[in-house]
Amino acid sequence: MTEQTLSTYAQSPVATTDTRDVVLRLNNLTKRYGQRTAVNNLNLSIKRGEIFGFLGPNGAGKTTTIRMIFGLATPTAGTIEIFGQNALQQRANVLPRVGALIETPALYLYMSGRNNLRAVAATLGGVSDARIDEVLKIVGLYGRQKDRVKTYSLGMKQRLGVAIALLQDPDLLILDEPANGLDPAGIVEMRDLMHSLSEEGKTVLISSHLLSEIQQICTRVAIINLGQLVTETTIDDLVSTKGEYEVQLEQPEQALALIKQQSWGTNATINEAGKLVTVAPQNRGQDLNLFLVQAGFVPETIAVATRDLEQVFLQLTSSEQTGVK
Ligand SMILES: Nc1ncnc2c1ncn2[C@@H]1O[C@H](COP(=O)(O)OP(=O)(O)OP(=O)(O)O)[C@@H](O)[C@H]1O
Ligand SMILES: [Mg+2]
């Protein structure tokens, strides 16, 4: 067998698995409203079981993208594949397997939580009372099902919105800003809910304009700005600093001058907190400690540096990043 056939043979099963595992794929998705491009050539793929974060500042194009995925807006260009099917052509097959909560849920405030679910179930058809019990339990509202929705907290209303999205037991759940306006406890409840849904094998796409809201919920994130993809990465990669350490010491400026003369330390800096930030010789923290001590700078503390996620997010979504001023 030649090398060429070997590699073709080795790659083909991987390619098949990959296609099957992709639950949602956006190909060059674009939406223009007159002169304004709300979503610009967006490419994304989300795999089965992922809790995927869709992040961007206000006006970035998140809701527009989600509305297109859910068939509420028609793309100007590009395609959407859901479970490997063309979602624009196979809408009737695909959409019953997709649950969505888009912006704030439309709820009847004078009806109970349960009756809100009943009302939606009646329009959908084929949703049993047992399923209503189930979704109330999943979102933690079973005990409050008889109370009028106007007496619910914001977090409870959001969770009732998720319950509505779950009625048809969808495989893909799309939640537009489900944590919007929630307090820290509400965000923790929402996070626990997302994790239990993911454990059940559901794929979740969750949008937010605040990284802090979803950093502990999602494994992977896409960041968009002005309708364009800025980056698609893991939270770990966003925070990682590629082996930098933060050193607190008495004379950071002098230590910095010395470190910058070393072959490994040319990129060293001092951060806003006045700490020296540098990689270590041989990438070993203990060697950095030894180097500093031998040079007469005894560190107060040495810690692995982390980047502030909100800062990273702001940097990535500043207009200059996407070349639009
Ligand atoms: N129906 C519409 N007609 C005209 N322009 C629209 C329409 N819907 C959205 N836009 C524009 O498209 C852009 C993206 O809006 P979109 O609502 O998708 O942003 P978003 O990321 O969801 O923002 P937010 O975080 O504020 O919810 C904005 O400039 C908005 O004004
Ligand atoms: Mg929005």
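Only a predicted model underlies this, so the values are computations on that prediction, with no experimental measurement involved. (Residues numbered from 1 in each chain as written. Chains lettered and ligands numbered in written order. Predicted model: local features only at pLDDT ≥ 70, side-chain atom pairs only at ≥ 80, totals over all residues. Heavy atoms only, no water.)

1. Section: the environment of methionine 68
Along the polypeptide, methionine 68 turns up in helix H2 (residues 62-69). Sequence-wise, methionine 68 and glycine 53 are 15 residues apart; in three dimensions their C-alpha atoms are separated by 17 Å. Ignoring any residue separated from it by four or fewer positions in sequence, one finds methionine 68 in contact with Leu29, Thr30, Lys31, Val39, Ala73, Thr74, Pro75 and Ile80. (Helix = DSSP H or I, 4+ residues; strand = E, 2+ residues; numbered from the N terminus. Contact = heavy atoms within 4.5 Å.)

2. Quick notes on the site of ligand 1
Around ligand 1, the surrounding shell holds 13 residues, and the nearest of these are Gly59, Gly61, Lys62, Thr63 and Thr64. At 3.1 Å from an oxygen atom of ligand 1 is found a main-chain nitrogen or oxygen belonging to alanine 60. Between ligand 1 and threonine 63 there is a distance of 2.7 Å, counted from an oxygen atom to a side-chain nitrogen or oxygen. Considering ligand 1 on its own, with 640 Å² of exposed area, one finds that the protein chains cover 64% of that surface. If one sorts the elements of the shell around ligand 1 by residue count, H2 sits on top with three residues. Residue composition of the shell around ligand 1, grouped by class: four nonpolar, five polar and four charged. (Near = heavy atom within 4 Å. Polar contact = N/O pair within 3.5 Å; in protein donor to acceptor, adjacent residues only side chain to side chain. Areas by Shrake-Rupley, 256 points an atom, 1.4 Å probe, with all protein chains shown as cover. Nonpolar A, V, L, I, M, F, W, Y, C, P; charged D, E, K, R; others polar.)

3. Observations regarding the packing of helix H10 (residues 252-260) against helix H11 (residues 285-294)
Across the interface, H10 lies against H11 with an axial gap of 11 Å and an inter-helix angle of 115°. It follows from the interaxial angle that H10 and H11 lie roughly perpendicular. For the pair H10 and H11, the crossing hand works out as right-handed. Counting all contacts with H10, which are made through Ala255, Leu258 and Ile259, the residues of H11 involved are Leu288, Phe291 and Leu292. Here the contact of H10 with H11 is built from residues that sort into six nonpolar, no polar and no charged. (Axes fitted to C-alpha atoms, helices over the stretch in contact; angles between N-to-C directions. Parallel < 35°, antiparallel > 145°, perpendicular 65-115°, else oblique. Left-handed = near helix turned anticlockwise from the far one by under 90°.)

4. Details of the sheet that holds strand E5 (residues 85-86)
Pairing in this open sheet of four strands is antiparallel, and the strands run E2-E1-E4-E5 from one edge to the other. What marks the edges here is a single partner per strand, and that holds for strand E2 (36-47) and E5. Alignment of strand E1 (residues 22-33) against E2, held across eight bridges, turns out to be antiparallel. By the bridge assignment for E2, valine 22 is matched with lysine 47. Here H2 sits on the sheet in contact with E1, E2 and strand E4 (77-82), set at roughly 120° to E1. (Pairing = 2+ DSSP bridges.)

5. Comments concerning unusual backbone geometry
In this structure, phenylalanine 83 is a non-glycine residue whose phi angle is positive, near 50°. By secondary structure assignment, the location of phenylalanine 83 is in the loop between E4 and E5. You will see that aspartate 169, though not glycine, has its phi angle at about 50°, which is positive. In this fold, aspartate 169 is placed in the loop between helix H6 (154-166) and strand E7 (172-176).

6. Observations concerning the packing of aromatic side chains
All told, the structure shown has one aromatic pair when counted by the stated rule. For the ring pair tryptophan 264 and phenylalanine 291, a centre distance of 5.2 Å and an interplane angle of 90° mean the geometry is edge-to-face. Remark: phenylalanine 291 occurs in helix H11 and tryptophan 264 occurs in the loop between H10 and strand E12 (269-270); sequence separation between them is 27 residues. Arginine 97 extends its terminal NZ or CZ atom over the ring of phenylalanine 83, reaching a point 3.8 Å from the ring centre. Sitting over the face of the ring of tyrosine 142, lysine 137 holds its NZ or CZ atom 4.8 Å from the ring centroid. (Phe/Tyr/Trp six-rings, centres within 6.5 Å; stacked < 30°, edge-to-face > 60°. Lys NZ or Arg CZ within 6 Å of the ring centre and 35° of its normal.)

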